[in-house]
Amino acid sequence: MRVQPHKPIVGANAFSHESGIHQDGVLKNKRTYEIMSPEDIGIHRSNEAGFTLGKLSGRHALKAKLFEV
């Protein structure tokens, strides 16, 4: 059975962060906004931090995304 991406905890987007305050918190300490690791439930993160850059993303997240490559 295929799980929809927007489902809490088990969906692919459950560990994706777009808000600047969440992204900053995750960069400083992942446990701030993630009570469990995606690997704990068998989900592979598409990128290092799980960021989606958007209109609410901050400079800190943009800088991290640029240095990710």
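This write-up is about the structure you can find in this document. (Residues numbered from 1 in each chain as written. Predicted model: local features only at pLDDT ≥ 70, side-chain atom pairs only at ≥ 80, totals over all residues. Heavy atoms only, no water.)

**Considerations on the overall build of the protein**
Counting its regular elements, the protein contains two helices and zero strands. Sequence-distant contacts in the protein: of pairs separated by 6 or more residues, those separated by 24 or more amount to 47%. Surface exposure of the protein reaches about 5,300 Å², of which carbon and sulfur atoms provide 57%. (Helix = DSSP H or I, 4+ residues; strand = E, 2+ residues; numbered from the N terminus. Contact = heavy atoms within 4.5 Å. Areas by Shrake-Rupley, 256 points an atom, 1.4 Å probe, with all protein chains shown as cover.)

**Regarding the pattern of salt bridges**
For the coordinates displayed, the defined rule picks out one salt bridge. Here Lys 28 ties to Asp 24 by a salt bridge, and the two come within 3.1 Å at their closest N and O atoms. Pair noted here: Lys 28 and Asp 24 are both in helix α1 (residues 20-28), with a separation of four residues, about one helical turn. The exposure class of Lys 28 is exposed, given its relative accessible area of 62%. (Salt bridge = Lys/Arg side-chain N within 4 Å of Asp/Glu carboxyl O. Buried < 20%, exposed > 50% of the residue type's maximum accessible area, 1.4 Å probe, protein only.)

**Brief notes about the side chain of Ser 57**
Relative to the elements of secondary structure, Ser 57 occurs in the loop between α1 and α2 (59-68). A polar contact of 2.9 Å, which involves the side chain of Ser 57, links it to the backbone nitrogen of Gly 54. Discounting chain neighbours no more than four positions away, the residues touching Ser 57 are Glu 18, Gly 20, Gln 23 and Thr 52. (Polar contact = N/O pair within 3.5 Å; in protein donor to acceptor, adjacent residues only side chain to side chain.)

These figures capture arrangement, not role.
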